[in-house]
Amino acid sequence: MSVMEFVFIFFGVQIIGSSLVILFTRNVVYAATALLSTLLGVAALFVIAGSDLLAVVQLVVYAGGVLILLLFGVLYTYRAPETYYEKRNSFISILSVVIISGLLMFLLSDLAFNFPELHRPPTDRFGITRLTGYLWITNNILVFEVVALFLLVILVGAGWIASRVMDLNKKES
Amino acid sequence: MNPELPHIVIQTISPDGISRLALAIFFMPLITFFVLFFTGKHLPAAIRSWLAAVVMGIMFVLSLYIHIQTKSEHLSIWNWFHIGTIQFTTSMLISGYSTTMMVIATFVSFMVHLYSIQYMKERRNHPKYFPYLALFVSSMIGIIVSDNLIITFIFWELVGLSSFLLIGFWYEKDAAAAAAKKAFMYNKFADLAFIIAIMILYTVYGTTELSIIKAHTNTEVLLHASIYSLPVLAGFAIWFATVGKSAQFPLYVWLPDAMAGPTPVSALLHAATMVAAGVYLLLKTAFLLGGWVSNCIVIIGCITALLPAIQAIRTFDSKKVLAFSTVSQLGFMMMAVGVGALDAAFFHLATHAFFKACLFLSVGAVIHAMHHMQQHRFSHGYYDPFDTLDMRLMGGFRKKMPLTFVAYIVSYAALIGLPLFSGFLSKDAILVSLYQWCTEHGSWRWLILASALSTVAVTTFYMTRQLFLIFFGEFRLEQKDAAYKKLFTELKESDWLINIPVILLAVMSFWFFFSLNPLHAQTGWWMKESFVSVQLHTSVWFIPLIAFVCTCIAFLFAAKNYYNKSDVFEHKNDLLTSLSEHNYYIERGIDLAFIQPVMRLSTGMFIVDKYIDKLIHLKVYFFIVLSQAANLWDIFVVDGLVHLVAGISRSIGSFFRKYLKGEVQGYFYFTLVAFILVLLWFVWYQTAA
Amino acid sequence: MIPISYYITVSVLLFGIGSAIVLTRRNILYVLMGIELIFNAANINLVAFGQYDRNLNGQLFTMLIITIAAAESVVALSIIILLFKKLNSVDLAEIKNLKE
């Protein structure tokens, strides 16, 4: 087992472990922290896979954006932990994990274990950033623009709906 | 038999002076008709009547002139119209027959016009009387001069139309309207035969010009031709047309009823001219009459002569007696045509025209007097109508109207065939030719001769009866209603306008106009002058003698029964009376044979039609049922399928819905399951491929 | 390098765990986290296969997904906040408006 494999396994365990924490913990804040850990692990995995840009994007957007947002939501709706005591069956959780993962694994096993030997194409020694940017502007420009527009629409719409609803709520109270 | 129409090129012959004059004679009454028809209402009655009478007078003079001037035949042919290359022509023939006939027709019509001026003065005189008469005279002249069968047919129909208009002139009387319709119907039925004859002749000869047909026909061949020979059939058809027009048995029944018209009309049309038109036509087309057709003509003519004469014995209507007499005499004329004695037939036609017209007009004078008395009573407020024609109510007019009486006696004598009168000559000619015919061929023909002789006797009987009933004895009307006694004693002779025609016609009934020898016509100047050839047979003296004896016996018999008899009012209810009154049930027979089947057929058709309607209803019901079924199909099957599909979706949806209680996670779960299934399919597809 | 089966294993497990979180937890915020985990599992897979593409399609797509996931979580959070204002709770058992 080479160093890379070891590193990979380390981060993989981190991911899985953190997600299991989310699965089983009763404290929302603990869960949020575990989510952070998971995201960090995924970012590391991105690096190992050779896309450094994506790792940074992941960290910035996910960990630095989505997570913060989520945290905000958590704190906004925070109640005493006692109220969240749910009689949950852990067995069901494990079972569902096993089933779903098992199924997917089964389906993808052929792909996974019979993957032809491919070599990574040579990349820039500074990473894939320049290449990615170039590709965005040339090959995939349409997608780029469409998605940008799409996002714009979403965000504007969401803000507008929120403001509307805020007005309604104000009228009620 | 020609399979195709023979193509005949007809040479046109333009009319010479005589023919042009004849054309003028034809057009004069026609113009009178148009003038009086359209302006008659605005002219006073006197001008109307005198204008017509004067025109007739001029026509008579002109036709007399033509008659004297004509020595030979004048034939004129014009082009009428053409269809493609087929030429139709009109023609006119001025010959012995036609000029004589024209003189007779114009003379009698002139007399009738003069008579009508006075006669119609006191009757309902619509302005159409003289126009109709003028139309009739014009059409009659047309028949006389025309030599083309189609033109003759046109005028034949016109004469029938004028007869219809004139018989039904007083159309307010139901009897008159019905009689006019009857006359027209019977004539029309017979005219069908005329059309068939024209068609046959056109097919065989390619033309309807009599001159050309005559030239192409071999009479000797026709005499012995078979029944299938077309020209013979054409001759038969022409004769059948005359059965209607000249009132032969069984189509004579319209003539007695036609007496519902004014008396001058009866005199002109139904005694002298129109009914004689049939005989005249047969004379012109005699060359077409083959062997069996002639026999047919003789037999029917014989029946026609005898049967109506017997009917006249029981008739009380004075004009009807004369009508039966006309039919009977027409039978005599037809018999003569049948045996081939065309000249004898024409002779009798001529003499009959004069004496029958005189008889009608004199009886009309009596009727006029009766009517005058009736009007006098009406104007004094006593409305008790009686039939002015009824002989039972007459009597004793001999003393009151002596001129009329004398004229009646003269023409009566001519009719029954007393020597010194014209009728004797013509009847004698017919009987002699009948005798000749019998001796030539023999067998059953003797019966015809016997029947003819008995007809002579019967004629004498009923005419004597009428003579005694009208002119002798007491005036019987005063026995019914005493008020008339005074009126009768004041009765005078008729107006001169009535008397002059009567007298003139009576004068024509003497012998000297026709033959210098009062007893025999063979040396008659009239015959010689009129005809190109005289075909009268050698004198057979005993036939006229037998006829004279029969006449005398009948006269005595009648005198015994009717001279000064007073019990004429009783109605004898025997077979003879019922047969006479119902025209031997001929009309009943026609009704049963023709009309009833048609009515039954139409009723049957109506019933059939009802069933057809039921069938159509059935079809409609079927379609209604079909549409209902289609509707049900639409509702249950077509819509049902749609509902089924929707229902399946709904049930699937509701099946799955109950597993999702509104939980978001549930939805996610299902999405996951679906995702895995899709993935499964993908993988399986890949491996399969 | 690292065989692809490693990546796939991690991705699948992460996917499974994320699905389990979504399916079994009652708190909306946990569900949101689970959804994020699922996204990340997909991203891992994409990037893993993308490292062999000269056109870097995998990486680009991953970038898109990250973007969209971010936007989506914004919308989701705003909905949650509004719901919280309405119901005063983030318990999924109480959000049954979709039930008929």
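**Quick look at the overall build of chain A**
Scanning chain A from N- to C-terminus turns up six helices and zero strands. The N-to-C order of helical and strand elements in chain A reads α-α-α-α-α-α. In chain A, buried positions account for 36% of the 173 residues. Here the contacts in chain A between residues at least 6 apart in sequence split such that 61% fall between residues at least 24 apart. Accessible surface, chain A: about 10,500 Å² in total, of which carbon and sulfur atoms supply 72%.

**A few points about the overall build of chain C**
Of regular secondary structure, chain C possesses three helices and zero strands. The order of α-helices and β-strands along chain C, N terminus first, is α-α-α. Across the 100 residues in chain C, those meeting the buried criterion constitute 63%. Taking all contacts inside chain C whose residues are at least 6 apart in sequence as the whole, residues at least 24 apart take part in 56%. In the form shown here, chain C has an accessible surface area of approximately 3,500 Å², with 62% of it arising from carbon and sulfur atoms.

**So, the interface of chain A and chain C**
Contacts between the two partners involve 79 residues from chain A and, on the opposite side, 65 residues from chain C. Where chain A abuts chain C, roughly 6,600 Å² becomes buried across the two surfaces, and 79% of that area is made up of carbon and sulfur atoms. The tally of links from chain A across to chain C stands at 10 residue pairs in polar contact (both at pLDDT 80 or more). For the side of chain A that touches chain C, the secondary structure elements donating two or more residues are helix 1 (3–24), helix 2 (28–48), helix 3 (52–76), helix 4 (90–113), helix 5 (129–138) and helix 6 (141–172) of chain A. The dominant element in the side of chain A that touches chain C, judged by the number of residues it contributes, is helix 3 of chain A, at 13 residues. When the residues that make up the side of chain A that touches chain C are grouped by side-chain class, the tally is 55 nonpolar, 17 polar and seven charged.

**Topic: the pairing of strand 2 (residues 86–94) of chain B**
Residues and elements named next belong to chain B. Along strand 2, seven of the nine residues are buried, which leaves the element largely enclosed by surrounding structure. Bridge count for strand 1 (residues 74–83) against strand 2 is nine bridges, and the pairing is antiparallel. Across the sheet, residue Asn79 finds its bridge partner in strand 2, namely Thr89.

**Considering helix 17 (residues 402–416) of chain B**
Residues and elements named next belong to chain B. For helix 17, which comprises 15 residues, the first-to-last C-alpha distance of 21 Å matches the rise-based estimate of 21 Å (1.5 Å per residue) to within 8%. The buried count for helix 17 comes to 11 of 15 residues, which makes it a mostly enclosed element. Three or more residues of helix 17 are buried, namely Thr404, Phe405, Ala407, Tyr408, Val410, Ser411, Tyr412, Ala413, Ala414, Leu415 and Ile416. Remark: Gly417 follows helix 17 within two positions and exhibits a positive phi of approximately 90°.

**Re the interface of chain C and chain B**
With 15 residues of chain C in contact, the opposing surface of chain B contributes 10 residues. The interface formed by chain C and chain B holds zero salt bridges in total. Here chain C and chain B share zero residue pairs in polar contact (both at pLDDT 80 or more) between them. For the side of chain C that touches chain B, the secondary structure elements donating two or more residues are helix 1 (4–24) and helix 2 (28–50) of chain C. Per-class residue counts for the side of chain C that touches chain B are eight nonpolar, two polar and five charged.

**Some words on helix 18 (residues 422–441) of chain B**
Because the α-helix completes a turn every 3.6 residues, residues three or four places apart line up on one side. Residue and element names in this part refer to chain B. Counted at 1.5 Å a residue, the expected span for helix 18 with its 20 residues is 28 Å, and the 29 Å between its end C-alpha atoms agrees. For helix 18, the tally of buried residues reaches 17 of 20 residues, placing the bulk of the element in the interior. Downstream of helix 18 by one or two residues, Gly442 has phi in the positive range, about 75°.

**Points about the pattern of salt bridges**
Residues and elements named next belong to chain B. By the definition in use, this model includes four salt bridges over all chains. Ionic pairing is found between Asp257 and Lys182, a salt bridge with its closest N-O pair at 2.6 Å. With Asp257 in helix 10 (residues 254–257) and Lys182 in helix 6 (residues 174–205), this pair connects stretches of sequence that are 75 residues apart. Relative accessible area serves as the criterion here: at 23%, Asp257 is assigned to the partly exposed category. The buried category is assigned to Lys182, whose relative accessible area is 15%.

**Some thoughts on unusual backbone geometry**
For the bond running from Phe249(B) to Pro250(B), omega is -5°, close enough to zero to count as cis. The residue Leu56(C) is not glycine, and still its phi comes out positive at about 55°. Within the fold, Leu56(C) resides in the loop between helix 2 and helix 3 (57–87). For Leu56(C), a relative accessible area of 5% translates into the label buried.

**So, the packing of helix 1 (residues 17–39) of chain B against helix 2 (residues 45–69) of chain B**
Packed helices, taken two at a time, are described by the angle their axes make and the gap between the axes. Residue and element names in this part refer to chain B. Taken N-terminus to C-terminus, the directions of helix 1 and helix 2 make an angle of 170°; their axes are 10 Å apart at the nearest point. When the axes of helix 1 and helix 2 are compared, the pair comes out roughly antiparallel. Residues Ile18, Leu21, Ala22, Ile25, Met28, Pro29, Thr32 and Leu36 of helix 1 pack against Arg48, Leu51, Ala52, Val55, Met56, Ile58, Met59, Leu62, Ser63, Tyr65, Ile66 and Gln69 of helix 2. Looking at side-chain class alone, the contact of helix 1 with helix 2 contains 16 nonpolar, three polar and one charged residues.

**Observations concerning the confidence of the model for chain C**
Atom-level detail of predicted coordinates should not be read off regions where pLDDT is low. When the pLDDT values of chain C are averaged, the result is 88; 97% of them are 70 or greater. Here the complex is predicted with pTM 0.64, and the ipTM for its interfaces comes to 0.91.

**Observations concerning the packing of aromatic side chains**
Residues and elements named next belong to chain B. Per the stated rule, a full pass over the model turns up 44 aromatic pairs over all chains. Here Phe107 and Phe354 contribute two aromatic rings whose centre-to-centre distance is 5.7 Å and whose plane-to-plane angle is 65°, an arrangement assigned as edge-to-face. In this pair, Phe107 sits in helix 3 (residues 96–119) while Phe354 sits in helix 15 (residues 342–379), placing the two residues 247 residues apart along the sequence. Grouping residues by exposure puts Phe107 and Phe354 together as buried. Aromatic side chains Tyr408 and Tyr412 sit 6.5 Å apart centroid to centroid with 10° between the ring planes, which places their arrangement in the stacked category. Note that Tyr408 and Tyr412 are positioned in helix 17 at a spacing of four residues, about one turn of the helix. Each of the two residues, Tyr408 as well as Tyr412, counts as buried. An aromatic cluster of at least three residues, connected via ring pairs, comprises Phe405, Tyr408, Tyr412, Phe468, Phe471, Phe472 and Phe555. Note that Lys614 overlies the ring of Tyr611, its terminal NZ or CZ placed 5.1 Å from the centroid.

**Details of the packing of helix 17 of chain B against helix 19 (residues 445–471) of chain B**
All names here are of chain B. The interhelical angle for the contact between helix 17 and helix 19, taken along N-to-C directions, is 170°, at an axis separation of 10 Å. When the axis of helix 17 is compared with that of helix 19, the two are roughly antiparallel. Residues Phe405, Tyr408, Ile409, Tyr412, Leu415 and Ile416 of helix 17 lie in contact with helix 19, whose contacting residues are Thr459, Thr460, Met463, Thr464, Gln466, Leu467 and Phe471.

**Observations concerning the side chain of Glu209(B)**
Residues and elements named next belong to chain B. Mapping Glu209 onto the fold places it in the loop between helix 6 and helix 7 (210–216). Although buried, Glu209 forms no salt bridge, and the nearest oppositely charged side chain, Lys284, lies 9.3 Å from it. Reaching out from Glu209, the side chain makes a polar contact with the side chain of Ser91 at a distance of 2.5 Å.

**Side note on the state of the cysteines**
Scanning the model with the defined rule gives zero disulfides over all chains in all. Of all cysteine sulfurs, the one in Cys552(B) lies closest to Cys550(B), which takes part in no disulfide; the gap is 9.3 Å.

**Description of the environment of Ser5(C)**
Looking at the element boundaries, Ser5(C) is found in helix 1. Separated by 43 residues in sequence, Ser5(C) and Ala48(C) place their C-alpha atoms 9.6 Å apart. Beyond its immediate sequence surroundings of up to four residues, Ser5(C) is in contact with Ala112(A) and Phe113(A).

What counts and what doesn't
- Residues numbered from 1 in each chain as written.
- Chains lettered and ligands numbered in written order.
- Predicted model: local features only at pLDDT ≥ 70, side-chain atom pairs only at ≥ 80, totals over all residues.
- Heavy atoms only, no water.
- Helix = DSSP H or I, 4+ residues; strand = E, 2+ residues; numbered from the N terminus.
- Buried < 20%, exposed > 50% of the residue type's maximum accessible area, 1.4 Å probe, protein only.
- Contact = heavy atoms within 4.5 Å.
- Areas by Shrake-Rupley, 256 points an atom, 1.4 Å probe, with all protein chains shown as cover.
- Buried area = accessible area lost by both parts, 1.4 Å probe.
- Polar contact = N/O pair within 3.5 Å; in protein donor to acceptor, adjacent residues only side chain to side chain.
- Nonpolar A, V, L, I, M, F, W, Y, C, P; charged D, E, K, R; others polar.
- Pairing = 2+ DSSP bridges.
- Expected span 1.5 Å × (residues − 1).
- Salt bridge = Lys/Arg side-chain N within 4 Å of Asp/Glu carboxyl O.
- Axes fitted to C-alpha atoms, helices over the stretch in contact; angles between N-to-C directions.
- Parallel < 35°, antiparallel > 145°, perpendicular 65-115°, else oblique.
- pLDDT = per-residue confidence, 0-100.
- Phe/Tyr/Trp six-rings, centres within 6.5 Å; stacked < 30°, edge-to-face > 60°.
- Lys NZ or Arg CZ within 6 Å of the ring centre and 35° of its normal.
- Lys, Arg positive; Asp, Glu negative; His and termini not counted.
- Disulfide = S-S within 2.5 Å.

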